[in-house]
Amino acid sequence: MNETLKALRKARGLTQEQVAEALNLSPQAVGKWERGEALPDIQILPALAAYFCVSADRLLGIEKTGERSHYDSIYAGEGYYWGAQPSSMCLEVLKYLPPTRPLKLLDIGCGEGKDAVFFARCGYVVSAFDFSEEGLKKTRQLAEQARVSLRAFNANLQSYRLEEEYDILYSTGVLEYVKPELRGEIMGNYKGHVSEGGLVAFQTFVKKPFINPSRKGKQSDPWKSGELFGYFHDWYFEHCSEYVFDDCHLGRAPHKHASERLFARNIQAI
Ligand SMILES: C[S@@+](CC[C@H](N)C(=O)[O-])C[C@H]1O[C@@H](n2cnc3c(N)ncnc32)[C@H](O)[C@@H]1O
């Protein structure tokens, strides 16, 4: 609960004093909750949850998302579902922020780890998370085969918030799983944890009127066109693009996707 509360407050740019004042509490109480030294009284919980527009379960960190990664069964099969070769996004990262020193990189939704392992092989200090245990197992296995080390951990991107700073945040094929109502807060949290001059390299799927939105059995929700770029409007864009492509992955019936890529630096744009 302490980490969630702190992340929610920071994402809204509030001080402990402001939260305390709004809820008629002492700033010391808010400080204690955030440090995990005490829990809020059961009577204050609904008001606290309403203030941050989240459920009490979310505040307490016991929210049931009902999401079990359907990727678990996919990744449990033989081989690497997405292959073991890195995405072309990785080469762009190398171009914009090469590992001339041990740069810290986080792969958000690493799947079976093809990109995370590639980055580790290039000399980045890599952390990676996913909520598929099977994917994480494959990530660690691939790292072992490549004789590199990385930190692969299980986290759900709906509730996990960054606490430490990274030089590079990287994500491909994942952000469309972030619930629309959480996107502003999560992008705020991510922006607040990129070092000065650091990079976000994000790819996400976007909605288009000419693309059939039905994605049966999937919990993903493509973003609005330009939405991702909007969250980083005050950063320097190395590159941003939107493109449509035909997907025929693993012999499935061909279908179209629209996608956006953003490489933005934490350098304040004027
Ligand atoms: C299309 S795959 C992309 C994997 C990897 N980034 C790649 O390019 O190979 C989407 C990944 O997002 C993960 N994912 C989906 N929802 C998630 C969530 N709520 N929290 C953490 N990971 C999630 C899935 O388990 C899956 O590994």
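Preceding this paragraph is the structure being described.
What you are looking at is a predicted structure, and each value in this text was computed from that prediction instead of being measured.

### Regarding the site of the ligand
Then step 1. Neighbouring the ligand are 19 residues; Tyr75, Gly109, Asp130, Asn156 and Leu157 lie closest to it.
Then step 2. Within the contact set of the ligand, a nitrogen atom lies 3.3 Å away from a backbone nitrogen or oxygen of Phe131.
Then step 3. A distance of 2.8 Å separates a nitrogen atom of the ligand from a polar backbone atom of Thr172.
Then step 4. Computed on the free molecule, the ligand has an accessible area of 600 Å², of which 94% lies beneath the protein chains in the complex.
Then step 5. Residues of the shell around the ligand, tallied by class, amount to 9 nonpolar, 8 polar and 2 charged.

### Points about the environment of Gly111
Then step 1. Following the sequence through the fold, Gly111 ends up in the loop between β1 (104–108) and α8 (114–122).
Then step 2. With a relative accessible area of 5%, Gly111 lands in the buried category.
Then step 3. Sequence-wise, Gly111 and Gly135 are 24 residues apart; in three dimensions their C-alpha atoms are separated by 5.0 Å.
Then step 4. For Gly111, the residues in contact, after removing those within four places along its chain, are Tyr75, Asp130, Gly135, Leu136 and Thr139.

### Re the pattern of salt bridges
Then step 1. This structure, assessed with the given rule, holds 14 salt bridges.
Then step 2. The closest approach of N and O atoms between Arg151 and Glu164, which form a salt bridge, is 3.3 Å. With Arg151 in strand β3 (residues 151–154) and Glu164 in the loop between β3 and β4 (166–172), this pair connects stretches of sequence that are 13 residues apart.
Then step 3. Ionic pairing is found between Asp221 and Lys207, a salt bridge with its closest N-O pair at 2.9 Å. Residue Asp221 is found in the loop between β5 (194–205) and α11 (227–231), and its partner Lys207 is found in the loop between β5 and α11; the two are separated by 14 residues along the sequence.

### Focus on unusual backbone geometry
Then step 1. Phi angles above zero are rare outside glycine, and Asn24 is one such case at about 60°.
Then step 2. Within the element layout of this structure, Asn24 appears in the loop between α2 (16–22) and α3 (27–34).
Then step 3. Judged by relative accessible area, which is 73%, Asn24 ranks as exposed.
Then step 4. A positive phi is found at Arg147, a non-glycine position, where the angle reads about 55°.
Then step 5. Mapping Arg147 onto the fold places it in the loop between α9 (133–145) and β3.
Then step 6. Given the relative accessible area of 77%, Arg147 is considered exposed.

Conventions we followed
- Residues numbered from 1 in each chain as written.
- Predicted model: local features only at pLDDT ≥ 70, side-chain atom pairs only at ≥ 80, totals over all residues.
- Heavy atoms only, no water.
- Near = heavy atom within 4 Å.
- Polar contact = N/O pair within 3.5 Å; in protein donor to acceptor, adjacent residues only side chain to side chain.
- Areas by Shrake-Rupley, 256 points an atom, 1.4 Å probe, with all protein chains shown as cover.
- Nonpolar A, V, L, I, M, F, W, Y, C, P; charged D, E, K, R; others polar.
- Helix = DSSP H or I, 4+ residues; strand = E, 2+ residues; numbered from the N terminus.
- Buried < 20%, exposed > 50% of the residue type's maximum accessible area, 1.4 Å probe, protein only.
- Contact = heavy atoms within 4.5 Å.
- Salt bridge = Lys/Arg side-chain N within 4 Å of Asp/Glu carboxyl O.

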